[in-house]
Amino acid sequence: MNRNKLLLPVLDISVLIFWGILLLKFWLTSNLDLLMHPEYGWLAIAAGFLLLAIGILKGIQLNWRLRQQRWGYINEMPVVTHVSLLPPVLTSALLLLVAIIGLLTTPQVVSTSKLVDEGVSKSLALNANVSPSFLPATNPEDRTLIDWIASLNRNPEPDSYIGKKVKITGLIVNETQLPEEYLLLSSLVINCCTPDLYPVALPVKLPENHRQSYAANTWLEIEGTVISDTLQGRRQLTIDAANIQEITRPDNPYNRSW
């Protein structure tokens, strides 16, 4: 077979195999939760096995046809063309390159720069994207950050929560528009996959130290009580921190909205 005619099917088979291996790698290394909602993880795993199986079968088929051609049973193999904007070989090469890069790198948690870019400081505690039907934990101490956001979407009056105990974890946002004794504790919420991540945050009043004592992108566990403070011209549910502890990044750093 002409080498130019052989290049495209070899690339196509490589794309199938490498993308199958990539999806299974994310699963085996517990990185799928960094890329998509946990409810959809099984789809990625199934796709990984399916792509790998199809790639192997296509490879066996290509090898068998090459043998038939060598033995003289067939003169030419059928040429399969792609319907694409770019030349077929270039399209397959790009897909293969992306898969190889994915295999050589490790997914990372989106940093707080994403939160700032999304304008979390403009909304502070309230974020309308959190489903109002989301039912937060009954016990205030058991509520996550997104539980508190969901509660605020159902009842946005900060005074309704004054005095309630809080124990939440989150990521520090470098927010310079707040007074020095405040920081924003944030989290990213995932609906489907990483591109649709959106930020939520709660302001935290620090007990003694100024905000500069806490570096951005640091994970904190904060215990305290709810107070009502006026920040950026309006009353906000604020966590009056009694205990602040730096923690390691959770295995699943994103919250679900449902």
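Note that the coordinates shown come from a computational prediction; the quantities given were computed from them, not determined experimentally.

**Concerning unusual backbone geometry**
Then step 1. Within the chain, Ser30 stands out as a residue other than glycine whose phi angle is a positive 60°.
Then step 2. Topologically, Ser30 is positioned in the loop between α1 (3-28) and α2 (41-71).

**Looking at the nonpolar core**
Then step 1. Residues Leu202 and Ile239 are the most contacted members of the largest nonpolar core, which totals 25 residues.
Then step 2. In terms of residue count, the dominant contributor to this core is helix α6 (residues 145-154) (5 residues).

**Topic: α2**
Then step 1. Its 31 residues give α2 an end-to-end C-alpha distance of 45 Å, which sits within 8% of 45 Å, the value for a rise of 1.5 Å per residue.
Then step 2. Considered for burial, the residues of α2 that qualify are Gly41, Ala44, Ile45, Gly48, Gly55, Leu62, Gln68 and Gln69.

**Re the state of the cysteines**
Then step 1. Taken as a whole and assessed by the stated rule, the structure comprises 0 disulfides.
Then step 2. Cysteine Cys192 shares no disulfide, and the gap to the nearest cysteine sulfur, in Cys193, comes to 3.9 Å.
Then step 3. Accessibility expressed as a relative area gives 26% for Cys193, which makes it partly exposed.

**Re the pattern of salt bridges**
Then step 1. Inspection of the entire model under this criterion finds 2 salt bridges.
Then step 2. Put simply, Glu157 and Arg235 hold a salt bridge, and the shortest N to O gap is 2.8 Å. Within this pair, whereas Glu157 is found in the loop between α6 and β1 (165-173), its partner Arg235 is found in strand β5 (residues 234-246), the two being separated by 78 residues in sequence.
Then step 3. Given a relative accessible area of 28%, Glu157 falls into the partly exposed group.
Then step 4. Look at Arg235 and you get partly exposed, because its relative accessible area is 39%.
Then step 5. One salt bridge in this structure joins Asp159 and Arg235, with 3.4 Å as the shortest N-O distance. Here Asp159 is found in the loop between α6 and β1, whereas its partner Arg235 is found in strand β5, with 76 residues between them in sequence.
Then step 6. Put simply, Glu157, Asp159 and Arg235 are held in one network by salt bridges that share partners.

**Section: the side chain of Lys25**
Then step 1. Note that Lys25 resides in helix α1.
Then step 2. No salt bridge forms around the buried Lys25; measuring N to O, its nearest opposite-charge neighbour Asp33 is 15 Å away.
Then step 3. A polar atom in the side chain of Lys25 sits 3.2 Å from the backbone oxygen of Gly102.
Then step 4. Not counting residues up to four positions away in its chain, the partners in contact with Lys25 are Gly102, Leu103 and Thr105.

**Structural notes on the pairing of β1**
Then step 1. Pairing between β1 and strand β4 (residues 219-231): 7 bridges, direction antiparallel. Bridged to Gly170 within β4 is Leu220.
Then step 2. Pairing of β1 with strand β2 (residues 182-190), which is carried by 3 bridges, proceeds in the antiparallel orientation. Opposite Ile172, over in β2, you have Leu185 as the bridge partner.

**As for the side chain of Asp147**
Then step 1. As for its placement among the helices and strands, Asp147 is situated in helix α6.
Then step 2. Although Asp147 is buried, it makes no salt bridge; Arg143 carries the closest opposite charge, 6.4 Å away.

**Focus: the environment of Glu246**
Then step 1. Along the chain, Glu246 falls in strand β5.
Then step 2. By relative accessible area, which is 60% here, Glu246 ends up exposed.
Then step 3. Taking the C-alpha atoms as reference points, Glu246 and Tyr214, separated by 32 residues in sequence, lie 9.1 Å from one another.
Then step 4. In this structure Glu246 touches Thr218, Trp219 and Leu220, once residues within four positions along its chain are discounted.

**Re the packing of aromatic side chains**
Then step 1. All chains considered together, the criterion is met by 2 aromatic pairs.
Then step 2. On the numbers, 5.9 Å between centres and 65° between planes, the contact of Trp27 with Phe49 is edge-to-face. Taken together, the residues Trp27 in helix α1 and Phe49 in helix α2 connect sequence positions 22 residues apart.
Then step 3. Of the residues examined, Trp27 reaches a relative accessible area of 36% and is grouped as partly exposed.
Then step 4. A residue is classified by how much of its surface remains accessible, and Phe49, at 46% relative accessible area, is partly exposed.
Then step 5. Between Trp148 and Tyr161, the aromatic rings sit 6.0 Å apart at their centres with planes inclined by 75°, giving edge-to-face as the arrangement. Of this pair, Trp148 sits in helix α6 while Tyr161 sits in the loop between α6 and β1, and the two are 13 residues apart along the sequence.
Then step 6. The exposure class of Tyr161 is buried, given its relative accessible area of 6%.

About the criteria used
- Residues numbered from 1 in each chain as written.
- Predicted model: local features only at pLDDT ≥ 70, side-chain atom pairs only at ≥ 80, totals over all residues.
- Heavy atoms only, no water.
- Helix = DSSP H or I, 4+ residues; strand = E, 2+ residues; numbered from the N terminus.
- Core = buried A, V, L, I, M, F, W, Y, C linked by side-chain atoms within 4.5 Å.
- Buried < 20%, exposed > 50% of the residue type's maximum accessible area, 1.4 Å probe, protein only.
- Expected span 1.5 Å × (residues − 1).
- Disulfide = S-S within 2.5 Å.
- Salt bridge = Lys/Arg side-chain N within 4 Å of Asp/Glu carboxyl O.
- Lys, Arg positive; Asp, Glu negative; His and termini not counted.
- Polar contact = N/O pair within 3.5 Å; in protein donor to acceptor, adjacent residues only side chain to side chain.
- Contact = heavy atoms within 4.5 Å.
- Pairing = 2+ DSSP bridges.
- Phe/Tyr/Trp six-rings, centres within 6.5 Å; stacked < 30°, edge-to-face > 60°.

Shape is all these values report; function is a separate question.
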